[in-house]
Amino acid sequence: MNKYLLAKGYNGVSLWPFIVLKHPSLKNDPVFLNHERIHLKQQQELLIVGFYIWYGLEYFYRLYQYKHRFLAYRNISFEREAYANEGNLEYCKNRRSWNFYKYIHKILK
């Protein structure tokens with residue numbers, strides 16, 4: 001069922017308070033799970049609904065900016081923070097609130 005919920009090319013999604021996985025084997029991938037846990041922290045900070053609104057608005061802004069879906073997705077501040085820190089398994093414990101904000105103006109090409 002989860003393979004039908006997730007778009008092609010995506011292995012999981014954080015939907016407060018759950019992490020939905022495309023494949024059960026991803027339960028054993030600490031880096032992937034950490035990436036999704038970072039999103040849960042972001043969602044919590046923005047009272048969940050605020051996260052989804054900001055995410056959607058920023059995606060469309062980045063899509064206009066880059067004119068490429070993948071570049072737009074990778075340049076969303078929430079994704080920038082999660083990808084930059086997914087390998088640090090202690091990140092969620094030590095992360096400062098609203099830390100995604102410092103990734104808004106950084107550019108990835």
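**Thoughts on the confidence of the model for the protein**
Okay, so step 1: Confidence along the protein averages 92 in pLDDT terms, with 92% of residues attaining 70 or more.
Okay, so step 2: Least confident of the elements in the protein is helix α1 (residues 2–5), whose mean pLDDT is 65; most confident is helix α2 (residues 30–45), at 98.

**A closer look at helix α3 (residues 49–66)**
Okay, so step 1: Its 18 residues place the ends of α3 26 Å apart at the C-alpha level, agreeing with the 26 Å of an ideal helix rising 1.5 Å per residue.
Okay, so step 2: Looking only at α3, the buried set comprises Phe51, Glu58, Tyr59, Arg62 and Tyr66. Buried residues of α3, viewed axially, fall in a sector of 115°; they line one side. Exposed and oriented more than 90 degrees from the buried face of α3 are Val49, Leu57, Phe60 and Tyr64.
Okay, so step 3: On its buried face, α3 is in contact with α2, α4 (69–74) and α5 (77–85).

**Section: the packing of aromatic side chains**
Okay, so step 1: A complete count under the given rule lists twelve aromatic pairs for this structure.
Okay, so step 2: The interplanar angle of 45° and the centroid separation of 5.6 Å between the aromatic rings of phenylalanine 51 and tyrosine 55 together place this pair among those described as tilted. Of this pair, phenylalanine 51 and tyrosine 55 both sit in helix α3, four residues apart, roughly one helical turn.
Okay, so step 3: Relative to phenylalanine 78, the ring of tryptophan 54 has its centre 5.8 Å away and its plane inclined at 70°; by these criteria the two rings are edge-to-face.

**Examining the packing of α3 against α5**
Okay, so step 1: In the contact formed by α3 and α5, the axes pass within 9 Å of each other and the chain directions differ by 100°. Considering the angle they form, α3 stands roughly perpendicular to α5. Contacts from Phe51, Trp54, Tyr55 and Glu58 in α3 reach Ser77, Phe78 and Glu79 in α5.

**Quick look at unusual backbone geometry**
Okay, so step 1: Cis peptide bonds are those with omega within 30 degrees of zero, and the linkage from tryptophan 16 to proline 17 qualifies with 0°.
Okay, so step 2: Secondary-structure assignment places proline 17 in the loop between β1 (12–15) and β2 (18–21).
Okay, so step 3: In this model, leucine 47 sits at a positive phi of 55°, which is unusual for a non-glycine residue.
Okay, so step 4: Structurally, leucine 47 is set in the loop between α2 and α3.
Okay, so step 5: Owing to a relative accessible area of 68%, leucine 47 belongs among the exposed residues under this scheme.
Okay, so step 6: A positive phi angle, near 60°, is found at tryptophan 98, a position not held by glycine.

Reading guide: rules and limits
- Residues numbered from 1 in each chain as written.
- Predicted model: local features only at pLDDT ≥ 70, side-chain atom pairs only at ≥ 80, totals over all residues.
- Heavy atoms only, no water.
- pLDDT = per-residue confidence, 0-100.
- Helix = DSSP H or I, 4+ residues; strand = E, 2+ residues; numbered from the N terminus.
- Expected span 1.5 Å × (residues − 1).
- Buried < 20%, exposed > 50% of the residue type's maximum accessible area, 1.4 Å probe, protein only.
- Arc of directions from axis to C-beta.
- Contact = heavy atoms within 4.5 Å.
- Phe/Tyr/Trp six-rings, centres within 6.5 Å; stacked < 30°, edge-to-face > 60°.
- Axes fitted to C-alpha atoms, helices over the stretch in contact; angles between N-to-C directions.
- Parallel < 35°, antiparallel > 145°, perpendicular 65-115°, else oblique.

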